[in-house]
Amino acid sequence: ATHSILTSALLNMLYSISLSEDDAKGIIPEDFVLTRLAEDVSQPRYRAKQRKARFVAKNGTCNVAHTNIREQGRFLQDVFTTLVDLKWLHTLIIFTMSFLCSWLLFGMIWWLIAFAHGDLDQKSDSFVPCVTSIHSFSSAFLFSIEVQVTIGFGGRMITEECPSAILTLIIQNIVGLVINAIMLGCIFMKTAQAHRRAETLIFSKHAVIAVRNNKLCLMTRVGDLRKSMIISATIKMQVVRRTTTAEGEVVPLEQIDIQMENPIGTNGIFLVSPLIICHVIDKNSPLYEISASDLHNEDLEVILILEGVVETTGITTQARTSYLPDEILWGRRFVPVISEEEGRYSVDYSKFGNTVKVPTPSCCAKKLEEEGNLPRVKL
């Protein structure tokens, strides 16, 4: 009896499970269910191809390490640029130490002048010191700060008794002005560096290859998030790859300029709204013999460089990014992001990097040109 009870309970459970599965089939789309099933099936794992090191990172930084530089003194010949290139922590430390060291140095000089003239052990009221109210190194240090930053509390002042004190006062004022000019200029240049403006110049995460105007093209999108414009903006595209010359010389990073499609014949752009940068893959292009199947096996990197003058500051800025072969999508194009609303054009940046699949030949541009049967695709 117990066995029959357990058997009936098991049958009821299986029946309820089958009912729930039938109900799920009516609610959940079949493609989702199939996808989930396909994910659960154990499949052999293949080792992914090792990605080559980037020459330029997605955020524009160059992945180059300078080692074994023997002539380090060249950096000291251009102290100002060296200070600007330092990290903020190091710059602030140098900024603080330059003032502290100058105050301590001239404080020691003022103390030596007072000590040599006998100002520290004066006893008579008729004695005229070089600097009044200096009785120790602490008071000499405070007087050094007052002189260099022109505070002038009034408790200490220089007299005409000592020419050496007058000369020291002149030298300290000049040194203080030089330090102020260098350090304040360095801080200003660091805060107004051109790459700060480049933070609002954006590129699409992927590049695409598709047919445009009946030509196979490599396309990417660039935009500016700020309302202030980039004046005289120019854009440049390069392919960096490893090549070998006819003599057997290996060039690890050969930079090849590729021309972009522009009716006016220059690389200048009017970056008011996001633009699609297009490169026609013709016989002069390094991508001429690359097909869809060969693309991911290529050892190359497409670099995009945007340069222009910041409208508000007049400083030249440059923004960079790069695309590896697995970041180039074959047979896709960018979706439109500009629409006309209430008498003006509106840009939807949520669709900035979105792409859609379009019919595109998978063979290389060379083969298409030889066969002369490029399909006219209506995009």
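Residues numbered from 1 in each chain as written. Predicted model: local features only at pLDDT ≥ 70, side-chain atom pairs only at ≥ 80, totals over all residues. Heavy atoms only, no water.

- Per an unreviewed UniProt entry, the protein chain goes by ATP-sensitive inward rectifier potassium channel 11 and derives from Lepisosteus oculatus.
- In the Catalytic activity (unreviewed entry) part of its UniProt record, the protein chain is described as follows: "K(+)(in) = K(+)(out)".
- The annotation that UniProt attaches to the protein chain under Subcellular location (unreviewed entry) is "Membrane". (UniProt positions renumbered as here; feature names shortened; annotations may be inferred.)

**What to know about the pairing of strand β4 (residues 230-244)**
Inference 1: For β4 and strand β7 (residues 300-310), the ladder comprises ten bridges, and the chain directions are antiparallel. Counted as the bridge partner of Q238 is I303 from β7.
Inference 2: Summarising the sheet, β4 and strand β5 (residues 250-258) pair through seven bridges and their orientation is antiparallel. Along β5, the bridge assignment pairs Q238 with D257.
Inference 3: The antiparallel pairing of β4 with β5 creates a hairpin that spans five residues between the two strands, and G248 there sits at a positive phi of about 95°. (Pairing = 2+ DSSP bridges. Helix = DSSP H or I, 4+ residues; strand = E, 2+ residues; numbered from the N terminus.)

**What to know about the sheet that holds β4**
Hydrogen bonding along the main chain pairs the strands of a sheet, whether they run parallel or antiparallel.
Inference 1: If you trace the four strands from one edge of the open sheet to the other, you get β5-β4-β7-β8, paired in antiparallel fashion. A strand with exactly one partner marks an edge of an open sheet, and here the two such strands are β5 and β8 (316-323). Neighbouring strand axes in the sheet, compared pairwise and without regard to direction, differ in orientation by 25° on average. (Axes fitted to C-alpha atoms, helices over the stretch in contact; angles between N-to-C directions.)

**Considering the packing of helix α5 (residues 88-117) against helix α7 (residues 163-191)**
Inference 1: Between α5 and α7, the shortest axis-to-axis distance is 11 Å and the interhelical angle comes to 175°. As far as their axial angle goes, α7 and α5 are roughly antiparallel.
Inference 2: Its residues assigned to classes, the contact of α5 with α7 comprises 18 nonpolar, eight polar and one charged. (Parallel < 35°, antiparallel > 145°, perpendicular 65-115°, else oblique. Nonpolar A, V, L, I, M, F, W, Y, C, P; charged D, E, K, R; others polar.)

**Quick word on the packing of aromatic side chains**
Inference 1: Across all of its chains, the model carries five aromatic pairs by this definition.
Inference 2: Relative to F99, the ring of F95 has its centre 5.2 Å away and its plane inclined at 65°; by these criteria the two rings are edge-to-face. Here F95 pairs with F99, and both are found in helix α5, just four residues apart, close to one helical turn.
Inference 3: On the basis of relative accessible area, F95 is assigned to the partly exposed category, the value being 23%.
Inference 4: Given a relative accessible area of 11%, F99 falls into the buried group.
Inference 5: Linked through ring pairs, F95, F99 and W103 together constitute an aromatic cluster.
Inference 6: Lying over the aromatic face of W88, K190 brings its terminal NZ or CZ to 5.1 Å of the ring centre.
Inference 7: The cationic tip of R221 hangs over the ring face of F352; the distance from NZ or CZ to the ring centre is 5.9 Å. (Phe/Tyr/Trp six-rings, centres within 6.5 Å; stacked < 30°, edge-to-face > 60°. Buried < 20%, exposed > 50% of the residue type's maximum accessible area, 1.4 Å probe, protein only. Lys NZ or Arg CZ within 6 Å of the ring centre and 35° of its normal.)

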